[in-house]
Amino acid sequence: MDLNLNGKTAIVVASSQGLGKAIATQLVKEGTNVMLASRNEEKLKGVQVELSALNKGRVSYHQTDITKKEEIEALIKHTVDTFGAIDILVNNSGGPPAGTFEQLDDEEWQNAFELNLLSYIRMIRNTVPHMKETGGKIINIASVSIKEPIPGLILSNTFRLGIVGLSKTLADELAPHNILINTVAPGRIATDRVAHLDQVNAEKLGKPIEEIEHMFKEKIPLKRYGTPEEFATFVTFLVSDANTYMTGQAYILDGGMVKAI
Ligand SMILES: NC(=O)c1ccc[n+]([C@@H]2O[C@H](COP(=O)([O-])OP(=O)(O)OC[C@H]3O[C@@H](n4cnc5c(N)ncnc54)[C@H](OP(=O)(O)O)[C@@H]3O)[C@@H](O)[C@H]2O)c1
């Protein structure tokens, strides 16, 4: 299978660690030029050094807070100035805070909207003009909460579904330009965020973290957490030339955890 990613350009948002970093790594291994973006410059620099050492695709970074409109515009400009094109956009972000409806105020709702939905909208709005001539691929990272609401995560349950509606609508509107757009939803993939959430649960319940992990793994038919590399492999397929007909869909990678059909 020819992925034909060599020499293409991708922006991978929220790529200083976790899923974003894993996707950036996989793309660079395929020869894609990758623009990394997140807030922590030290971490970005570290990832740039690590991925440049692979001697495959070129790697650059731009310090960006994706809740800020001007910083998104600067990221897009920096990418075009550096690599001359944008073929692939991977939208990603930090997760919203936990909380039930009664625990969250307007400010927390507004922040989650800006981080988890508006940032994706702005990234797409600013990227699409650079894809219209040549076509392109857009991936929006969401969560299994798009299929089955997660108790105590109402902000994720609400705004991640907005991503699905956005993607499906744009699949239609962008198809004439051969821009394919899909949502990919992780279940429990072993990143720092998941380790942190398990630690928080362990402290809350007064149990060892191993017990919390075991509890989650028992709910997953494959009996383990996914790896960031497994997640990145699927995203890499979707943004490659091997995918020419899948658009407007939401795919779940969760080892079979979600029970809904
Ligand atoms: N891992 C899973 O199993 C899982 C499951 C469901 C949903 N998700 C969702 O998938 C996304 C990625 O997950 P992950 O596990 O890789 O999370 P993670 O390890 O916490 O990484 C989050 C990334 O987001 C960046 N970020 C946070 N706020 C940002 C901002 N305002 N502007 C730019 N970058 C920002 C962080 O970089 P800086 O600190 O450098 O800004 C970091 O690189 C999250 O939204 C998470 O909720 C993950």
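The structure under discussion appears in the preceding block.
Nothing here was measured: the structure is a model prediction, and the numbers come from that model.

### Brief notes about the site of the ligand
Then step 1. The full set close to the ligand counts 27 residues, and S38, R39, G187, I189 and T191 are the nearest of them.
Then step 2. Within the side chain of Q17, one N or O atom sits 2.8 Å away from an oxygen atom of the ligand.
Then step 3. In the complex, 91% of the free accessible area of the ligand, which totals 890 Å², lies under the protein chains.
Then step 4. When residues of the shell around the ligand are traced back to their parent elements, those giving at least two are α1 (18-29) and α6 (192-205).
Then step 5. Considered class by class, the residues forming the shell around the ligand number nine nonpolar, 13 polar and five charged.

### Overview of α6
Then step 1. A rise of 1.5 Å per residue sets the reference length of α6, with its 14 residues, at 20 Å; its end C-alpha atoms lie 20 Å apart and thus fit the reference within 8%.
Then step 2. Among all positions in α6, only V194, D198, N201 and A202 are buried. Across the axial projection of α6, the buried residues extend over an arc of 100 degrees, all falling on one side. The outward face of α6, more than 90 degrees from its buried face, is lined by the exposed residues D192, E203 and K204.
Then step 3. For α6, the elements touching its buried residues are α7 (209-218).
Then step 4. Positive phi appears at G206, one or two residues downstream of α6, with a value of about 65 degrees.

### Some words on the sheet that holds strand β4 (residues 88-91)
Then step 1. With parallel pairing, the seven strands of this open sheet are ordered in space as β3-β2-β1-β4-β5-β6-β7. Lying at the two open borders of the sheet, with one neighbouring strand each, are β3 (59-63) and β7 (250-253). Within the sheet, the average angular offset between the axes of one strand and its neighbour, ignoring direction, is 20 degrees.
Then step 2. Two strands pair when backbone bridges link them, and strand β5 (residues 136-141) and strand β6 (residues 179-186) are joined in this way by six bridges, in the parallel orientation. By the bridge assignment, I139 is partnered in β6 with N182.
Then step 3. Contacting β2 (33-38) and β3, helix α2 (residues 41-52) crosses the sheet at an angle of about 175 degrees to β3.
Then step 4. The strands touched by helix α3 (residues 69-83) are β1 (9-13), β2 and β3; relative to β3, the strand with the most contacts, the crossing angle is about 160 degrees.

### Quick word on the packing of α1 against α2
Then step 1. As a packed pair, α1 and α2 sit with axes 10 Å apart at the nearest point and diverge in direction by 25 degrees. It follows that α1 is roughly parallel to α2 by the angle criterion. Taken as a pair, α1 and α2 cross one another with a handedness that is right-handed. When α1 is examined against α2, the residues K21, A24, T25 and V28 are found in contact with a partner set consisting of V47, E50 and L51.
Then step 2. Among the residues making up the contact of α1 with α2, the classes are represented as four nonpolar, one polar and two charged.

### What to know about the packing of aromatic side chains
Any two aromatic rings considered together are summarised by their centre-to-centre distance and by the angle between their planes.
Then step 1. Summed over the entire model, instances satisfying the criterion amount to five aromatic pairs.
Then step 2. Ring centres of F101 and W109 lie 6.4 Å apart, and the angle between their planes is 70 degrees; this geometry places the pair in the edge-to-face category.
Then step 3. Judged by relative accessible area, F101 falls into the exposed class, the value being 58%.
Then step 4. Seen from their ring centres, F234 and Y251 are 5.4 Å apart, and the 80 degrees between their planes marks the pair as edge-to-face. Highlighted residues: F234 in helix α8 (residues 228-239) and Y251 in strand β7, separated in sequence by 17 residues.
Then step 5. Among the aromatic residues, those joined into a ring-pair cluster are F101, W109, F113 and F159.
Then step 6. The ring of F216 carries the charged tip of R188 above its face, separated from the ring centre by 3.6 Å.
Then step 7. Above the face of the Y225 ring, K217 is positioned so that its terminal group lies 5.1 Å from the ring centre.

### Comments concerning the pairing of β4
Then step 1. Residues I88 and V90 line one face of β4 and the alternating positions L89 and N91 line the opposite face, and both faces are buried.
Then step 2. Relative to β4, β1 runs parallel, the two sharing three bridges. Residue pairing for β4: V12 is matched across the bridge by V90.
Then step 3. Both β4 and β5 contribute to a ladder of four bridges, which runs parallel. Each residue of the ladder has a partner; that of N91, found in β5, is N140.

Quick notes on the rules
- Residues numbered from 1 in each chain as written.
- Predicted model: local features only at pLDDT ≥ 70, side-chain atom pairs only at ≥ 80, totals over all residues.
- Heavy atoms only, no water.
- Near = heavy atom within 4 Å.
- Polar contact = N/O pair within 3.5 Å; in protein donor to acceptor, adjacent residues only side chain to side chain.
- Areas by Shrake-Rupley, 256 points an atom, 1.4 Å probe, with all protein chains shown as cover.
- Helix = DSSP H or I, 4+ residues; strand = E, 2+ residues; numbered from the N terminus.
- Nonpolar A, V, L, I, M, F, W, Y, C, P; charged D, E, K, R; others polar.
- Expected span 1.5 Å × (residues − 1).
- Buried < 20%, exposed > 50% of the residue type's maximum accessible area, 1.4 Å probe, protein only.
- Arc of directions from axis to C-beta.
- Contact = heavy atoms within 4.5 Å.
- Pairing = 2+ DSSP bridges.
- Axes fitted to C-alpha atoms, helices over the stretch in contact; angles between N-to-C directions.
- Parallel < 35°, antiparallel > 145°, perpendicular 65-115°, else oblique.
- Left-handed = near helix turned anticlockwise from the far one by under 90°.
- Phe/Tyr/Trp six-rings, centres within 6.5 Å; stacked < 30°, edge-to-face > 60°.
- Lys NZ or Arg CZ within 6 Å of the ring centre and 35° of its normal.

Note that all results are geometric; they support no functional claim without further evidence.
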